[in-house]
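# Breakdown of the fold
Read off the chains here:
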Amino acid sequence: MPYWPSVIVPTPAHSGVGAALSYRSEQTLAPGSLVRVPLGQRTVLGIVQDGADNAPANLSEAQTKSVHAVLAGLPPLNVEWLQLVQFAARYYQRSLGEVALGALPAALKDLDEAQWARRLKKHTAQKPPAHEPQTIRRPELSAEQAQVLADLAHAKQPVLLFGATGSGKTEVYLRAAESALQTPGAQVLVMVPEINLTPQLEARFRERFEPLLGPAAVVCLHSGMTPAQRLGSWLSAHMGQARIVLGTRMAVFASLPNLRLIVVDEEHDPSYKSQDGARYSARDLAIYRAQHITNERGLGCPVVLGSATPSIESWHAAEQGRYQRLHMPTRMGGGALPQWRLLDMNHQPKGAVIAPPLLSAMQDRIARGEQCLVLLNRRGYAPVLSCHACDWKSSCPNCSAYRVFHKFDRTLRCHHCGFTERVPRACPDCGNLDIAPVGRGTEQIEEHLNALFADVRRPDGGPVRVARMDADSTRLKGSLQAQLDALHSGEVDVLVGTQMIAKGHDFRRIGLVASINADAALFASDYKAPERLFALLMQAAGRAGRDAAFAAAQGVACEMWVQTWHPTHAVFQVLKTHDYPRFAAEQLAERAAAGMPPLGHQALVRADARTQDAAQAFLNLAAAAADGLPHRSGVTLYPAVPLTIQRVANVERAQLLVESASRSTLQRFLHAWQSTLLHTRSAPQAKGLLRYAVDVDPVSV
Ligand code: ADP
Ligand code: ZN
Ligand code: ZN
């Protein structure tokens with residue numbers, strides 16, 4: 001008896017092809033089954049959505065093509081997973097096929113029937129070695145941790161774990177996971193912003209759970225893995241062998257048939273929002289996913305968002321009572337948070353890069369055997385190279401940006417398109433030999449500190465060791481781990497780096513953290529800039545004084561220094577008191593007054609084109625053509641504007657902001673507008689348009 005499944009296939013985002021196509025099959029196929037089906041000239045992977053015993057009414061039987069193959073032996077994706085990708089596609093305005101197939105490991109799509117059979121056989125043959133559960137050592141919970149875990153056990157809503165840096169949030173995640181895993185077969189999803197930057201977290205999960213559940217129970221899912229590794233982790237999760245999945249934002253789509261807990265660590269981190277394809281927020285999808293899981297409790301599984309500096313959206317949700325806020329204000333061991341030292345650069349010697357009071361504070365720390373972190377959010381040696389004779393600058397020929405001077409390999413590199421050249425000996429325009437760096441990056445600060453500390457000695461009499469950690473120094477495999485190890489073991493006295501050094505590292509001997517140039521963020525036009533700056537500085541400060549006993553033995557309070565030309569700026573005034581709730585309240589008041597998220601709702605349409613005119617014309621035409629669409633009166637469409645960096649890799653970029661006081665009005669309008677956008681592509685004025693994308697809840701505007 002033939003069967004007619006409708007199959008989700010990888011249709012392009014704006015193709016206008018319906019979500020699922022009808023095929024013919026010789027066997028009944030359960031929803032969620034993976035199949036290989038013909039699509040145009042190709043054979044593609046598809047997901048069975050549902051099916052019927054009768055041929056679809058509008059197609060003759062002959063028109064319906066046959067399913068080529070079924071991925072035999074693979075349990076179907078469950079209904080909750082299908083529901084998740086459907087929601088994500090709808091909410092982020094993409095095709096279901098793109099989101100659903102994009103959420104599966106790429107390696108799965110490339111396998112033909114025979115290859116699949118071999119791969120599955122290999123996977124099931126990897127019988128985990130017989131495992132005797134071992135007893136594990138766990139620290140005694142602090143009173144705050146115990147209270148939070150008790151509350152978590154009864155939480156009916158998503159939980160916002162607002163815990164100071166070093167308050168022991170990770171231990172809370174570990175214990176919450178442990179209790180969820182007591183249910184036989186239960187699975188836990190733990191998401192982190194960038195798993196490679198915080199290898200310690202993975203190590204702590206493995207250390208805790210491998211003795212209990214065996215080495216196969218913990219798997220990772222992130223973009224640093226090979227396609228084959230990713231497929232392996234995905235299969236383990238889907239087939240239930242993996243009990244804990246640790247991953248980056250992509251892991252929110254992992255197939256976890258027995259999911260019983262979701263943790264989103266550092267939930268404020270912008271990297272949870274995807275910046276291409278379907279621009280989804282993994283944090284927001286985690287909430288949706290958790291709330292739509294049916295289990296022994298009924299509907300919903302616990303979800304914990306953790307941060308010392310929650311996103312303003314999550315804070316707002318807690319204020320409104322949609323999330324339950326649990327607070328851990330105290331650092332483990334009773335250690336103090338660092339004291340803030342705002343260094344007014346208006347009163348420092350002209351041209352000082354590291355002002356004298358900061359320099360001498362660092363020297364004192366080093367002399368006592370403590371370590372210092374120096375934060376500068378700009379890699380390279382100098383952001384621009386310039387000729388003083390003719391005003392030549394190291395512009396990128398392909399982008400509206402300067403190429404950065406990297407001294408260690410003597411290159412000029414564009415951080416936007418990657419265009420790289422050897423540094424010229426002389427000015428390319430006038431031949432002047434005197435071309436000079438303007439501004440400073442991490443390489444230069446490293447060099448500068450080495451010179452400044454040339455005569456300073458460590459307590460053991462050795463020279464001061466300055467190291468640097470940024471995207472350049474950690475490019476080679478293993479180099480990040482080596483650099484973190486050097487810091488943990490005390491080989492390094494001063495670490496200079498970008499925001500990478502502020503991530504969740506548990507450093508033990510940092511007495512001083514300094515941010516030497518944060519001012520640029522104070523006057524950025526993006527309404528989220530203060531929030532990001534506040535979080536960055538609080539997180540950076542949070543690396544100091546983490547070992548209460550060590551800090552106490554030193555007898556000097558740990559410190560967070562900020563060099564600024566604007567010490568009276570509101571952000572700094574609140575930072576001084578570590579008062580995140582006050583900061584959040586002020587931000588929410590400002591945003592309420594301006595109708596900004598989370599008190600209003602936004603989407604962007606971004607357009608890439610050969611010319612700026614075409615990009616803007618496309619957007620403005622589509623906006624004009626929206627008149628009369630449903631819900632048009634409930635949204636504001638702003639005129640198209642160029643992006644801050646208008647041209648990248650010879651592509652001109654523009655965007656148009658859509659705002660509404662109501663999330664559902666915005667959603668409905670965007671749905672209605674999709675076909676207008678699609679049609680406007682072919683308008684003569686939009687000739688040269690390369691692509692466009694809708695970004696719902698953008699992280700930067
Ligand atoms: P957070 O994630 O909140 O910044 P961590 O989870 O890294 O903090 O904890 C800070 C430090 O305290 C870590 O070194 C951790 O091992 C330690 N720690 C956490 N909980 C406990 C506990 N209950 N007893 C002793 N040490 C703990
Ligand atoms: Zn010149
Ligand atoms: Zn470039």
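Moving on: the domain arrangement of the protein chain. By a widely used convention, the size of an interface equals the accessible area lost when the partners come together. Splitting the protein chain by domain gives domain 1 (4-125), domain 2 (143-332), domain 3 (335-379 + 441-591), domain 4 (382-439) and domain 5 (601-696). In this structure, domain 4 and domain 5 have C-alpha centres spaced 35 Å apart. Between domain 4 and domain 5, the residue contacts involve seven residues of the former and six residues of the latter. Here domain 4 meets domain 5 over a buried area of about 540 Å², counting both sides, of which 48% is carbon and sulfur. Ranking the residues of domain 4 by area buried against domain 5 places Asn398, Ser400 and His416 at the top, with a combined share of 71%. If you look at where domain 4 meets domain 5, you find zero salt bridges. Taken together, the links from domain 4 to domain 5 amount to seven residue pairs in polar contact (both at pLDDT 80 or more). Classifying every residue of the side of domain 4 that touches domain 5 by side-chain character gives four nonpolar, three polar and no charged.

Only Cys387 (SG), Cys390 (SG), Cys427 (SG) and Cys430 (SG) from the protein reach the zinc ion (ligand 2) as donors, at distances of 2.2 to 2.4 Å. Relative to the metal, the four donor atoms surrounding the zinc ion (ligand 2) lie at angles of 105 to 113°, and the coordination shape comes out tetrahedral. Each donor residue of the zinc ion (ligand 2) belongs to the same chain, with the gaps between them written as C-x2-C-x36-C-x2-C. Of this pair, Cys387 sits in strand 17 (residues 384-387) while Cys427 sits in the loop between strand 20 (420-422) and strand 21 (435-438), and the two are 40 residues apart along the sequence. You can call Cys427 buried: its relative accessible area is 4%.

One can find Arg468 in strand 22 (residues 466-469). A polar contact is formed between the side chain of Arg468 and the side chain of Glu446, at a distance of 2.8 Å. Of the polar contacts made by the side chain of Arg468, one reaches the side chain of Asp470; its length is 3.0 Å. Ignoring any residue separated from it by four or fewer positions in sequence, one finds Arg468 in contact with Phe408, Thr442, Glu443, Glu446, Ser473, Gln483, Leu495 and Val496.

Once that is clear, we can look at the coordination of the zinc ion (ligand 3). For the zinc ion (ligand 3), every protein donor is listed as Cys396 (SG), Cys399 (SG), Cys414 (SG) and Cys417 (SG), and the spread of their distances is 2.3 Å. The site at the zinc ion (ligand 3) holds four donor atoms, and with the angles between them running 105 to 113°, its shape is tetrahedral. Read N to C, the donor residues that coordinate the zinc ion (ligand 3) are spaced as C-x2-C-x14-C-x2-C.

Structurally, the position occupied by Arg379 is in the loop between strand 16 (371-375) and strand 17. Assessed through its relative accessible area of 21%, Arg379 is described here as partly exposed. For the pair Arg379 and Ala471, spaced 92 residues apart in sequence, the C-alpha separation works out to 7.6 Å. Excluding anything up to four places from it in sequence, Arg379 contacts Val404, His406, Arg413, His415, Thr442, Asp470, Ala471, Asp472, Arg475 and Thr498. Looking at Arg379, its side chain comes within polar contact range of the side chain of Asp472, at 2.9 Å.

As a further point, take the site of ligand 1. For ligand 1, the set of nearby residues contains 18 residues, the closest of which are Glu140, Gln145, Gly166, Lys169 and Asp506. For ligand 1, an oxygen atom lies 2.9 Å from a polar atom in the backbone of Lys169. Between ligand 1 and the protein, one listed contact pairs an oxygen atom with a side-chain N or O atom of Asp506 at 2.4 Å. Within the complex, the protein chains bury 79% of what would otherwise be the 560 Å² of accessible surface of ligand 1. Grouping the amino acids of the shell around ligand 1 by side-chain chemistry returns four nonpolar, seven polar and seven charged. Residue-level mapping places the shell around ligand 1 at the junction of two domains, with at least three residues from each of domain 2 (143-332) and domain 3 (335-379 + 441-591).

Next up on the list: the packing of helix 4 (residues 113-125) against helix 8 (residues 227-238). Between helix 4 and helix 8, whose axes approach to 11 Å, the crossing angle comes to 65°. As helix 4 runs across helix 8, the sense of the crossing is right-handed. Residues Trp116, Arg119 and His123 of helix 4 form the contact with helix 8, whose participating residues are Ala228, Leu231, Gly232, Leu235 and Ser236. Its residues assigned to classes, the contact of helix 4 with helix 8 comprises four nonpolar, three polar and one charged.

Quick notes on the rules
- Residues numbered from 1 in each chain as written.
- Chains lettered and ligands numbered in written order.
- Predicted model: local features only at pLDDT ≥ 70, side-chain atom pairs only at ≥ 80, totals over all residues.
- Heavy atoms only, no water.
- Domains from an automatic or database assignment.
- Contact = heavy atoms within 4.5 Å.
- Buried area = accessible area lost by both parts, 1.4 Å probe.
- Salt bridge = Lys/Arg side-chain N within 4 Å of Asp/Glu carboxyl O.
- Polar contact = N/O pair within 3.5 Å; in protein donor to acceptor, adjacent residues only side chain to side chain.
- Nonpolar A, V, L, I, M, F, W, Y, C, P; charged D, E, K, R; others polar.
- Donors = N, O, S within 2.8 Å, 3.2 Å for Na, K, Ca; no water.
- Tetrahedral: all angles 85-135°; square planar, octahedral: opposite > 155°, others 65-115°.
- Helix = DSSP H or I, 4+ residues; strand = E, 2+ residues; numbered from the N terminus.
- Buried < 20%, exposed > 50% of the residue type's maximum accessible area, 1.4 Å probe, protein only.
- Near = heavy atom within 4 Å.
- Areas by Shrake-Rupley, 256 points an atom, 1.4 Å probe, with all protein chains shown as cover.
- Axes fitted to C-alpha atoms, helices over the stretch in contact; angles between N-to-C directions.
- Left-handed = near helix turned anticlockwise from the far one by under 90°.

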